[in-house]
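Summary of the model geometry
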2 protein chains.
Amino acid sequence: MDDNVRRHKYMLTEDQMPTTWYNIMADLPTPPPPPLHPGTMQPVGPEDLAPLFPMELIMQEVSQERYIEIPGGVLDVYRQWRPSPLFRAHNLEKALGTPAHIYYKYEGVSPAGSHKTNTSVPQAYYNKKEGTTRLTTETGAGQWGTALAFACSLYDMECEVWQVGASFDSKPFRKLMIEVFGAKVHRSPSELTDVGREFLKDPKNLPGSLGIAISEAVEVAAKDPKTRYALGSVLNHVLLHQTIIGEEALLQMAMAGESPTHIVGCTGGGSNFAGLSFPFLREKLAGKISPRLIAAEPASCPSLTRGEYRYDFGDTAGMTPLMKMHTLGHDFIPDPIHAGGLRYHGMAPLISHIYEEGLMEAVAVPQTECFQAAVLFARTEGIVPAPEPTHALALAIREALKAKETGEETIILTALCGHGHFDLAAYDSYLRGSMVDENFDEARLQEALATIPVVAG
Amino acid sequence: MDDNVRRHKYMLTEDQMPTTWYNIMADLPTPPPPPLHPGTMQPVGPEDLAPLFPMELIMQEVSQERYIEIPGGVLDVYRQWRPSPLFRAHNLEKALGTPAHIYYKYEGVSPAGSHKTNTSVPQAYYNKKEGTTRLTTETGAGQWGTALAFACSLYDMECEVWQVGASFDSKPFRKLMIEVFGAKVHRSPSELTDVGREFLKDPKNLPGSLGIAISEAVEVAAKDPKTRYALGSVLNHVLLHQTIIGEEALLQMAMAGESPTHIVGCTGGGSNFAGLSFPFLREKLAGKISPRLIAAEPASCPSLTRGEYRYDFGDTAGMTPLMKMHTLGHDFIPDPIHAGGLRYHGMAPLISHIYEEGLMEAVAVPQTECFQAAVLFARTEGIVPAPEPTHALALAIREALKAKETGEETIILTALCGHGHFDLAAYDSYLRGSMVDENFDEARLQEALATIPVVAG
């Protein structure tokens with residue numbers, strides 16, 4: 001039993017923690033299409049976004065600078081849980097009998113339990129600096145709501161969260177965690193907003209969706225000059241903040257003396273995948289490494305593999321700018337699955353653009369395969385993953401088993417973006433054998449695609 | 001907002017992680033009284049314990065060696081989450097307006113979410129080495145059951161957990177977490193054991209207790225030569241394994257350039273408190289430092305402050321050796337409170353002895369004060385604590401506020417032994433204003449004390 005001690009964990013010191021975020025806009029072969037104002041169909045300017053976001057974040061949204069300095073106040077908070085560990089999954093590899101090496105970057109060590117704090121903290125920070133006293137947002141599984149509530153409690157700001165109705169009902173502990181951090185949680189659709197009241201008129205909207213919750217949070221922010229809105233994924237500045245994951249992982253893979261052949265991450269809005277992979281993509285574009293980048297999306301909501309690359313709204317009520325992205329239609333409501341954080345109709349414009357450019361791949365994974373992977377992972381690696389990253393784990397296992405057959409050198413790096421402490425009901429359903437694979441509603445897709453506004457050009 | 005960056009976190013590298021546990025038996029001014037065989041009233045020998053524990057743990061239980069080497073295989077697992085961070089609670093200090101410095105050693109970073117893995121891993125390791133194929137145990141709040149299930153999954157052993165009925169009913173997620181790690185969970189009292197069936201005859205036993213659950217797990221282990229029993233606190237070897245917490249904290253306080261004036265920890269069975277404080281007590285006994293050591297116990301189950309120092313059973317059915325300890329009586333069932341991990345009738349013999357020697361103090365804290373402290377802590381430090389360590393936080397806050405009045409130099413070190421992700425129902429009750437302080441049933445105490453066997457001498 002006393003094998004030579006194997007290195008499981010690669011830790012950076014605080015001094016080695018990156019002090020800049022990486023902006024991939026500076027390195028893309030072609031620029032992504034700009035967001036459009038739905039009234040004028042012209043590119044949106046900073047003034048269009050000012051009611052919703054502080055100017056520093058708007059500037060980051062359109063910045064072409066390769067590196068953006070992380071403010072000292074944000075670094076100070078990051079240091080509570082960063083640098084986060086990179087693990088080599090020796091026990092999982094052994095259980096699979098694979099020659100592949102599997103590494104996972106673990107973001108569940110953050111106070112809110114996921115990677116979302118990497119962006120909630122700077123978003124709250126810049127808002128506080130510009131005089132915002134309240135932030136509104138949506139949350140699905142509750143990871144983002146928790147992360148924003150945490151950040152607002154640190155900066156002494158009010159926080160109101162519209163939680164997707166179905167999650168609100170099935171995950172009371174997530175709501176409680178948000179409340180412990182001092183924020184208010186509303187079930188969406190709610191009676192508190194014009195759009196909420198409108199959606200409530202049709203019973204099919206009762207379970208809610210991320211798109212509806214975004215509409216509600218945006219409406220409240222737009223009406224009050226001291227209130228702004230915060231989004232947990234999709235936008236350029238959100239993806240930017242997450243790149244600290246990949247920057248750290250680059251240094252940690254170098255400590256391990258290996259370079260990944262496969263980088264696998266789950267995608268809902270895209271920020272987790274972008275955070276891990278963009279710094280590696282920079283190195284790939286510079287010709288230094290050549291990993292495959294693979295997004296794992298849920299079979300119920302496969303925006304990259306089944307959506308169309310078109311200009312669409314980010315929310316259901318059509319209050320946001322139009323963004324060019326892979327979309328299933330802004331009123332597409334996916335089959336309820338346990339990975340609530342991945343149930344978004346669209347995909348980050350940056351990820352969509354990179355996918356169109358052929359710089360990455362995507363695979364849709366059904367949920368029972370995900371939970372099979374998750375239970376094996378928990379029993380070998382000792383961490384119970386959130387349902388979202390189990391999609392990436394399932395794909396990592398597919399690749400590791402392929403390597404066993406082909407013998408091809410396979411070094412997989414994946415993002416374990418959060419723990420599943422609030423998702424054990426999903427595990428219960430899997431362990432009792434009552435979980436089924438989700439449906440993908442083809443007819444619903446066609447209906448939803450038909451509602452996307454037509455944009456010339 | 002960009003203050004000079006303040007150091008919040010003190011991290012050791014893996015190379016700095018201690019490689020020995022500290023055995024305080026080597027340094028005590030007088031030896032603690034030995035455990036007795038209830039039949040012969042003679043000190044128990046290794047052969048008496050052999051049906052329940054592997055020989056290596058029995059030897060640790062009676063060892064007089066000052067330092068015991070941590071096996072390489074255990075260090076290898078420890079490195080998944082150790083060294084654990086030491087934090088300076090700058091934000092909490094600021095909220096309290098206190099000149100006191102507050103440090104907390106955080107064990108919630110472990111895969112099971114508490115300090116319990118520090119001992120579950122070596123216990124499973126030594127058992128595996130000696131051919132055990134199944135471990136049985138009890139669990140109250142569920143932290144220990146989760147930790148042992150985690151360890152057994154790593155060493156590929158079966159694990160059966162008897163969970164105190166009241167916790168089993170009120171904390172389904174804890175049970176699910178244990179099941180995800182592959183262990184079986186039984187509601188205690190159960191129909192599976194002779195003692196369980198006996199206890200079930202009286203309806204007052206239906207909610208169960210730690211003492212009853214221990215009796216059940218011990219019975220099952222005693223009947224099968226390949227099955228052994230694992231205890232999560234109380235015994236010398238368990239306290240020994242936890243000293244890695246204090247050994248790390250000593251090094252980390254040195255990094256911070258400070259020496260604690262107060263060391264505060266919660267006590268149920270005593271392993272968390274011992275783990276943090278014993279290495280500091282070694283330095284105190286050597287005349288190098290002079291911190292006050294203060295145990296925080298729940299007002300519902302105040303074994304140190306209200307119990308008697310007598311020989312008593314560790315379990316309710318009277319199947320264990322008699323241990324000299326502070327006890328409320330082995331059939332004392334405390335008021336149900338949210339800190340299930342502290343509802344044990346006795347106290348570790350080592351802690352009891354040290355308390356009798358005047359080397360430490362104890363204070364009983366009511367639960368609403370604990371949760372008030374916990375919510376303030378969550379909103380300032382960003383971590384939602386388990387109900388157990390909130391007792392220590394409440395006491396730390398009392399001392400910090402005293403320092404504000406007296407101006408006395410106060411450097412508090414406390415153990416944040418676990419997170420509260422599975423305890424949010426308790427926070428809900430506090431936030432909604434429905435939590436009340438627990439009762440301490442004086443008449444019940446007198447009854448329970450009367451059942452303690454009389455031991456001559």
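Notes on the structure in this doc start here. (Residues numbered from 1 in each chain as written. Chains lettered and ligands numbered in written order. Predicted model: local features only at pLDDT ≥ 70, side-chain atom pairs only at ≥ 80, totals over all residues. Heavy atoms only, no water.)

1. Looking at the overall build of chain A
If you tally the helices and strands in chain A, you get 18 helices and 15 strands. Scaling as 2.2 N^0.38, a compact globule of 457 residues should have a C-alpha radius of gyration of about 23 Å, and chain A matches this with 21 Å. The principal-axis extents of the C-alpha atoms in chain A amount to approximately 65 × 50 × 50 Å. A fraction of 77% describes how many contacts in chain A between residues 6 or more apart in sequence connect residues 24 or more apart. Only carbon and sulfur atoms are counted for the fraction: they give 52% of the accessible area of chain A, which is about 15000 Å². Taking the average place of the 38 positive charges on the side chains of chain A and the average place of its 55 negative ones, the gap between the two points comes to 3 Å. (Helix = DSSP H or I, 4+ residues; strand = E, 2+ residues; numbered from the N terminus. Rg over C-alpha atoms; globule rule 2.2 N^0.38 Å. Contact = heavy atoms within 4.5 Å. Areas by Shrake-Rupley, 256 points an atom, 1.4 Å probe, with all protein chains shown as cover. Lys, Arg positive; Asp, Glu negative; His and termini not counted. Charge placed at Lys NZ, Arg CZ, Asp CG, Glu CD.)

2. Some words on the nonpolar core
With 96 residues, the main nonpolar core has Trp-21, Tyr-78 and Leu-424 of chain A together with Trp-21 and Leu-424 of chain B as its most contacted residues. Residues within four places of Tyr-78 of chain A in sequence aside, it is in contact with Met-17, Trp-21, Ile-70, Thr-117, Asn-118, Pro-122, His-241 and Ile-244 of chain A. Counting residues in hydrophobic clusters, the runner-up holds 35 residues, among them Tyr-103, Phe-280, Met-347 and Ala-362 of chain A. (Core = buried A, V, L, I, M, F, W, Y, C linked by side-chain atoms within 4.5 Å. Buried < 20%, exposed > 50% of the residue type's maximum accessible area, 1.4 Å probe, protein only.)

3. Some words on helix α10 (residues 210–223) of chain A
Residues and elements named next belong to chain A. Compared with the 20 Å implied by 1.5 Å per residue over 14 residues, the 20 Å span of α10 between its first and last C-alpha is a close match. Taking burial as the measure, the 14 residues of α10 include twelve buried ones, the bulk of the element. Taken as a whole, α10 has its buried residues at Leu-210, Gly-211, Ile-212, Ala-213, Ile-214, Ser-215, Glu-216, Ala-217, Val-218, Glu-219, Val-220 and Ala-221. Turning to α10, the residues buried within the fold contact β6 (134–139), β7 (158–164), β8 (184–188), α9 (194–200) and β9 (227–229). (Expected span 1.5 Å × (residues − 1).)

4. Quick notes on the relation of the copies chain A and chain B
Rotating chain A by 180° and moving it 0.0 Å along the rotation axis overlays it on chain B with an RMSD of 0.0 Å. Taken together, these values place the two copies in the relation of a two-fold axis. Comparing interface residues between copies, 100% of those in chain A also sit at the interface in chain B, which points to an isologous, same-surface contact. (Least-squares fit on C-alpha atoms with pLDDT ≥ 70 in both.)

5. As for the sheet that holds strand β5 (residues 101–106) of chain B
Residues and elements named next belong to chain B. In spatial order, the strands read β1-β4-β5-β15-β10-β11-β14; together these seven strands make up an open sheet with mixed pairing. The open sheet has two free edges, formed respectively by β1 (9–10) and β14 (361–365), since each of these has just one partner strand. As paired elements, strand β11 (residues 292–298) and β14 share five bridges and run parallel to each other. Bridge assignment links Ala-296 to a residue of β14, and that residue is Val-363. Along the sheet, helix α11 (residues 236–256) contacts β1, β4 (86–88), β5 and β15 (411–416); its crossing angle with β5, the most-contacted strand, is approximately 140°. On the sheet, helix α12 (residues 271–285) packs against β5, β10 (262–266), β11 and β15 and is oriented at approximately 155° with respect to β10. (Pairing = 2+ DSSP bridges. Axes fitted to C-alpha atoms, helices over the stretch in contact; angles between N-to-C directions.)

6. Comments concerning the packing of helix α2 (residues 55–62) of chain A against helix α5 (residues 117–129) of chain A
Residues and elements named next belong to chain A. Packing of α2 against α5 brings their axes to within 8 Å, and their N-to-C directions diverge by 130°. By the angle between their axes, α2 is oblique relative to α5. Residues Glu-56, Leu-57 and Gln-60 of α2 pack against Gln-123, Tyr-126, Asn-127 and Lys-129 of α5. Tallied by class, residues from the contact of α2 with α5 come to two nonpolar, three polar and two charged. (Parallel < 35°, antiparallel > 145°, perpendicular 65-115°, else oblique. Nonpolar A, V, L, I, M, F, W, Y, C, P; charged D, E, K, R; others polar.)

7. Regarding the packing of aromatic side chains
All names here are of chain A. Counted under the stated rule, the structure contains 27 aromatic pairs over all chains. For the ring pair Tyr-78 and Trp-81, a centre distance of 5.9 Å and an interplane angle of 70° mean the geometry is edge-to-face. Across the pair, exposure class does not vary: Tyr-78 and Trp-81 are buried alike. Aromatic side chains Phe-150 and Phe-181 sit 5.9 Å apart centroid to centroid with 65° between the ring planes, which places their arrangement in the edge-to-face category. On the criterion of sequence distance, the pair formed by Phe-150 in helix α6 (residues 143–154) and Phe-181 in the loop between α8 (172–180) and β8 is long-range, its members being 31 residues apart. The residues Phe-150 and Phe-181 share a single accessibility class, namely buried. An aromatic cluster of at least three residues, connected via ring pairs, comprises Tyr-78, Trp-81, Phe-150 and Phe-181. Over the face of the ring belonging to Tyr-22 we find Arg-282, whose NZ or CZ atom lies 4.5 Å from the ring centre. (Phe/Tyr/Trp six-rings, centres within 6.5 Å; stacked < 30°, edge-to-face > 60°. Lys NZ or Arg CZ within 6 Å of the ring centre and 35° of its normal.)

8. Quick look at the environment of Arg-398 of chain A
Residues and elements named next belong to chain A. Along the chain, the position of Arg-398 falls in helix α16 (residues 387–406). Sequence-wise, Arg-398 and Leu-293 are 105 residues apart; in three dimensions their C-alpha atoms are separated by 15 Å. If sequence neighbours within four positions are ignored, Arg-398 has contacts with Val-363, Ala-364, Val-365, Pro-366 and Glu-369.

9. Thoughts on the interface of chain A and chain B
Of the residues lining the interface, 53 residues belong to chain A; the matching set on chain B comes to 53 residues. Here chain A meets chain B over a buried area of about 4400 Å², counting both sides, of which 60% is carbon and sulfur. At the surface where chain A touches chain B, the tally comes to four salt bridges. Across the salt bridge formed by Glu-14 of chain A and Lys-9 of chain B, the nearest N and O atoms sit 3.9 Å from each other. (Buried area = accessible area lost by both parts, 1.4 Å probe. Salt bridge = Lys/Arg side-chain N within 4 Å of Asp/Glu carboxyl O.)

10. Notes on helix α17 (residues 424–431) of chain B
Three or more residues of α17 of chain B are buried, namely Leu-424, Ala-426, Tyr-427 and Ser-429 of chain B. Of the residues flanking the end of α17 of chain B, it is Gly-433 of chain B, one or two places downstream, whose phi is positive at about 80°.

11. Points about the side chain of Glu-93 of chain B
Residues and elements named next belong to chain B. With respect to the element layout, Glu-93 can be found in helix α4 (residues 90–96). Residue class for Glu-93 comes out buried when judged on its relative accessible area of 7%. When near neighbours in sequence (up to four residues on either side) are disregarded, Glu-93 contacts Arg-88, Thr-98, Ala-100, His-101 and Ile-102.

12. A short note on unusual backbone geometry
Residue and element names in this part refer to chain B. In this model, Arg-82 is joined to Pro-83 through a cis peptide bond whose omega is -10°. Along the chain, the position of Pro-83 falls in the loop between α3 (72–78) and β4. The backbone phi angle of Met-41 is positive, close to 60°, even though this residue is not glycine. Inspection of the secondary structure puts Met-41 in the loop between β2 (20–22) and α1 (46–49).

Just geometry here; none of it tells us what the structure is for.
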